[in-house]
Amino acid sequence: MDRQAEAQETTYRHGSRALHVYHDGDGMVVVRGRLAPEVGAVLVQALTAAREALYQRAQPASSVTGPINKNVSAETFQADVPAEMPTMAQQQADALALVAETALHHGIDPGAPGERYQVVVHVDAPVLADPDAPGQSVLEDGTHVSTETSRRLACDASRVVMRHDADGRVTEVGARTRTIPTALRRVLQHRDRGCRFPGCGLPFGQGHHIRHWAHGGPTTLSNLALLCRRHHRAVHEEGYHVERQADGELRFRRPDGRPLPDTPPPAPVPADPVDALRAGNDGHGLHIDARTAMPGWLGERLDVGYAIDVLHPLAATSRPRRPEA
């Protein structure tokens, strides 16, 4: 198309940009929109990066390449939440949440990072202490959230205590306080270095009270653990458990009580992996050249029995030998 038509098309695209965010009948938030191609490309890249950050460690053990420590079960390498890999649409939804949280975490509002964009939840005090107690747990717009969700949100958020009379009128409003003070948060981030859920390690997250403050749990370093949003929800809403052992280490358990194995840290990558590989080969007396990978056979058919005898020593003892002719 000519330049004039191209300019008109660009103007039309820009004018037709839109993003609609509204609540559905069941309380879910529906997002629908049209973005300019370059803006859409940025969003797709951001979602891809967030999705990989959340789920790249959720690949099954069979996809792990390279040697595996024989003392570490294959189960260790599998992400444990959820049991089944979410659909692509669900992963995209989780990725969008991470993109939004990352923006607020890094202070998208320079004047007061994140404070103007708070998510407000109204929770009756008895509900925080006892999930079965009667009381409300609703967002600012009146949307109901579960009791356990409100407990998760209350783990790491600013708190304002409001007292009401029998008719529901506010009689006293306390000063806003941080559940986890800024100085303690810095120490928590320095100690945990990211989400502590086995196999995760997302570089930032939310402070989780191992014993909830509504149950008298102190806001101290020993009673806190850093969890990403996904695994914080797993501990509260999906039945996973975490406790701190006598030696200070964390122990995570599945909803059925089985312990989650610890995931070993990734092997360090040397500064010059090629030289490190050559040094390892030299140390084992191996000389690698262009003919190393060439087979030594002459084109005959594979003797499967012989191959199994050589490659699997157990086969030689478990399988009876053939009588010699």
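Since the structure is predicted, the reported quantities are computational estimates derived from the model, not experimental observations.

A closer look at helix α3 (residues 88–105)
Along an α-helix, residues three or four apart share an orientation, since each turn contains 3.6 residues.
Logical step 1: Taking 1.5 Å of rise per residue, 18 residues should cover 26 Å, and α3 covers 25 Å from first to last C-alpha, within 8% of that figure.
Logical step 2: Along α3, the positions that sit buried rather than exposed are Gln91, Ala95, Ala97 and Leu98. All buried residues of α3 project into a common sector of 160° when viewed along the axis, lining one side.
Logical step 3: On its buried face, α3 is in contact with α2 (37–55) and α7 (229–237).

Brief notes about the nonpolar core
Logical step 1: Ranked by size, the top nonpolar core spans 21 residues in total, and within it Cys195, Phe197, Leu202 and Phe252 carry the most contacts.
Logical step 2: Those elements giving two or more residues to this core turn out to be α2, α3, β10 (224–227), α7 and β12 (250–253).
Logical step 3: When residues in this core are grouped by element, the largest group, four residues, is from α2.
Logical step 4: Dropping the residues within four chain positions of it, Cys195 is found in contact with Cys200, Gly201, Leu202, Leu226, Leu227, Cys228 and His231.
Logical step 5: In terms of nonpolar packing, the next biggest core, distinct from the first, is built from five residues, Leu184, Leu188, Leu224 and Leu226 among them.

A few points about the packing of α2 against α3
Logical step 1: Closest axis-to-axis distance for the α2/α3 pair is 8 Å, and the angle between their directions is 100°. In terms of orientation, α2 and α3 fall into the roughly perpendicular class. Along its contact with α2, which presents Ala46, Leu47, Ala50, Arg51, Ala53, Leu54 and Tyr55, the element α3 presents Met88, Gln91, Gln92, Asp94, Ala95, Leu96, Leu98 and Val99.

A short note on unusual backbone geometry
Logical step 1: The phi angle at Arg193 is positive, at roughly 60°, despite the residue not being glycine.
Logical step 2: Of note, Arg193 is situated in the loop between α6 (182–192) and β9 (206–209).
Logical step 3: Judged by its relative accessible area of 58%, Arg193 falls in the exposed class.

So, the pattern of salt bridges
Logical step 1: Considering all chains together, one arrives at 14 salt bridges under this definition.
Logical step 2: The residue Arg163 makes a salt bridge to Glu172 at a minimum N-O spacing of 3.9 Å.
Logical step 3: You can call Glu172 partly exposed: its relative accessible area is 46%.
Logical step 4: Shared partners join several salt bridges into a network, and the residues in it are Asp156, Arg178 and Arg185.

The rules behind the values
Residues numbered from 1 in each chain as written. Predicted model: local features only at pLDDT ≥ 70, side-chain atom pairs only at ≥ 80, totals over all residues. Heavy atoms only, no water. Helix = DSSP H or I, 4+ residues; strand = E, 2+ residues; numbered from the N terminus. Expected span 1.5 Å × (residues − 1). Buried < 20%, exposed > 50% of the residue type's maximum accessible area, 1.4 Å probe, protein only. Arc of directions from axis to C-beta. Contact = heavy atoms within 4.5 Å. Core = buried A, V, L, I, M, F, W, Y, C linked by side-chain atoms within 4.5 Å. Axes fitted to C-alpha atoms, helices over the stretch in contact; angles between N-to-C directions. Parallel < 35°, antiparallel > 145°, perpendicular 65-115°, else oblique. Salt bridge = Lys/Arg side-chain N within 4 Å of Asp/Glu carboxyl O.

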